[in-house]
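# Descriptive analysis of the structure
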Amino acid sequence: MIIGIPKEIKNNENRVSMTPAGVSELVKRGHTVYIQTSAGANSGFPDEAYTAVGAQLLPTIEEVYAKAEMIVKVKEPIAPEYPLIRPDQLVFTYFHFASSEPLTHAMIKSGAICCAYETVERDDRSLPLLIPMSEVAGRMATQEGCYFLERPHGGKGKLIGGVPGVPPAKVFVIGAGVVGTAAARTAAGMGADVTICDISLPRLAYLADTMPRVKTLMSSEYNIRMALREADIVIGSVLIPGAKAPKLVTSDMLKEMQPGSVMVDVAIDQGGCFETSRPTTHEEPTYYVDGILHYCVANIPGAVPYTSTLALTNATLPYVLALADKGWRQACRERADLARGLNIVKGEVVSRSVAEAWGLPYKEFTC
């Protein structure tokens, strides 16, 4: 198969979809890999590292899309890429269709096969291609929350771990999945006063056993409202695979919070779990609503591209190899987890969550 790796063009997206080690595995199996010039440079992988393992360089993104049968990316295509995607071309990336109606319609129009990392799902409901970036995003959510809690960056001016005789900052994490757990663990490790909430009592029981320094709270509108009143940093990490995130923090709740508090919405890729959230970029990451600082960067792991690219390739490579070796249809026929990644196939929406998000016809797909 001919695989194309374009350079990411989303604002401050420094990751690349494949390391030289991953490309090497594809080439060894007889596949042709085209990579756009300097696609890996910001992740610490120069062009020479790719050509040394058999990749071929192309100077423009247009040429990569034109030659490739399968495009392997990190982030969803943005408007300049829409016309480059061809009918029957396989695109394997994070799509997050439920948060972008224009992207959804563009991919329907393209006639491509869109396989989304974030909905590849094992039988045990785990999301193997979302987990590595969720681990990064969770850790960074706490890190960014600390940074913006500093007075010069717009926050209250609190040190997250406090000092002897001075209490630590209060961190409230909404959602106890991979992102929330990573955020809570990081915050607790920095000495913060951490509370995490979720709707799953068994999950909270597990976290109470494994992270005894973290307080657990059953998620409800009342409990969230009460916790927000004292929180210095709020991290939203709620995920419904393939669907829009629920709005668990409403605009009226902000009026009860302390000015200078920091809200980090990691769920912004799926529309955000705060009612007042809107996507921001690494260039302009924050804004205020009612005196509350919002950080809603839609590609948080892009700030640490070396770590993120290695972690992403570790997870995606087995799936990329399956798609390349067997073709998308046979690979999806043999692997139910990969089949669940199919969201749009040749103009038809085959993900119920995406169809429901935008009121589109849904077609059940069988390989």
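This write-up is about the structure you can find in this document. Only a predicted model underlies this, so the values are computations on that prediction, with no experimental measurement involved.

## Quick look at helix α10 (residues 305–326)
- Here α10 is 22 residues long and its end C-alpha atoms lie 30 Å apart, about the 32 Å a rise of 1.5 Å per residue gives.
- The principal kink in α10, of about 45°, is found at Thr316, preceding the proline Pro318 by one to four residues.

## Regarding the pattern of salt bridges
- On inspection of all chains with the given rule, the structure shows 24 salt bridges.
- As a salt-bridge pair, Glu25 and Lys28 come within 3.1 Å of each other at their nearest N and O atoms. Placement of both Glu25 and Lys28 in helix α1 (residues 20–28) is noted, with a separation of three residues, approximately one turn of the helix.
- Residue Lys326 is joined to Glu334 by a salt bridge in which the shortest nitrogen-to-oxygen separation is 2.5 Å.
- Judged by relative accessible area, which is 46%, Lys326 ranks as partly exposed.

## Section: the nonpolar core
- Membership of the largest hydrophobic core comes to 74 residues, with the highest contact counts inside it found for Phe92, Val171, Val194, Ile235 and Leu338.
- Of all the elements, α10 adds the most residues to this core, at nine residues.
- When near neighbours in sequence (up to four residues on either side) are disregarded, Ile235 contacts Ala141, Thr142, Val171, Phe172, Val173, Ile174, Ala183, Val264, Val266 and Phe274.
- Ranked by size, the runner-up nonpolar core spans 24 residues in total, among them Leu58, Ala112, Val349 and Trp358.

## Side note on the packing of helix α5 (residues 131–149) against helix α6 (residues 178–189)
- Across the interface, α5 lies against α6 with an axial gap of 7 Å and an inter-helix angle of 40°. Pair α5 / α6 crosses with right-handed handedness. Counting all contacts with α5, which are made through Ile131, Ser134, Glu135, Gly138, Arg139 and Thr142, the residues of α6 involved are Val178, Val179, Ala182, Ala183, Arg185, Thr186 and Ala187.
- Tallied by class, residues from the contact of α5 with α6 come to six nonpolar, four polar and three charged.

## Thoughts on the sheet that holds strand β8 (residues 193–198)
- Within the open sheet, the seven strands sit side by side as β9-β8-β7-β10-β11-β13-β12. Their pairing is mixed. Each of the sheet's edge strands pairs with one partner strand only, and the pair in question is β9 (215–218) and β12 (286–289). Averaged over all neighbouring strand pairs, the angle between strand axes comes to 20°, with direction disregarded.
- Strand direction decides the pairing type here: strand β11 (residues 262–265) and strand β13 (residues 292–295), joined by three bridges, are parallel.

## Focus on the packing of α1 against α10
- For the pair α1 and α10, the least separation of the axes is 10 Å and the interaxial angle reads 20°. Overall, the two elements α1 and α10 adopt an arrangement that is roughly parallel. Helix-helix and strand crossings are classified by hand; for α1 and α10 the assignment is right-handed. Here Gly22, Glu25 and Leu26 of α1 lie close against α10, whose contacting residues are Thr313, Leu317, Val320, Leu321 and Ala324.
- Per-class residue counts for the contact of α1 with α10 are five nonpolar, two polar and one charged.

## Looking at the pairing of strand β7 (residues 170–174)
- The element β7 is extensively covered by neighbouring structure, given that four of its five residues are classed as buried.
- As paired elements, β7 and β8 share five bridges and run parallel to each other. Paired with Ile174 across the bridge in β8 is Cys197.
- Once you follow β7 into α6 and on to β8, the crossover reads as right-handed.
- Relative to strand β10 (residues 233–236), β7 runs parallel, the two being bridged by four bridges. Looking at β10, one finds that Phe172 is bridged to Val234.

## Examining unusual backbone geometry
- Phi at Asp88 takes a positive value of approximately 70°, unusual for a residue other than glycine.
- Checked against the element boundaries, Asp88 lands in the loop between β4 (70–72) and β5 (90–93).
- Note on Asp88: relative accessible area 49%, which makes it partly exposed.
- One non-glycine residue, Lys346, lies in positive phi territory at about 50°.

What counts and how
- Residues numbered from 1 in each chain as written.
- Predicted model: local features only at pLDDT ≥ 70, side-chain atom pairs only at ≥ 80, totals over all residues.
- Heavy atoms only, no water.
- Helix = DSSP H or I, 4+ residues; strand = E, 2+ residues; numbered from the N terminus.
- Expected span 1.5 Å × (residues − 1).
- Bend = angle between axes of the 7 residues up to and from the residue.
- Salt bridge = Lys/Arg side-chain N within 4 Å of Asp/Glu carboxyl O.
- Buried < 20%, exposed > 50% of the residue type's maximum accessible area, 1.4 Å probe, protein only.
- Core = buried A, V, L, I, M, F, W, Y, C linked by side-chain atoms within 4.5 Å.
- Contact = heavy atoms within 4.5 Å.
- Axes fitted to C-alpha atoms, helices over the stretch in contact; angles between N-to-C directions.
- Left-handed = near helix turned anticlockwise from the far one by under 90°.
- Nonpolar A, V, L, I, M, F, W, Y, C, P; charged D, E, K, R; others polar.
- Pairing = 2+ DSSP bridges.
- Parallel < 35°, antiparallel > 145°, perpendicular 65-115°, else oblique.
- Right-handed = clockwise from strand over helix to strand, strands pointing away.

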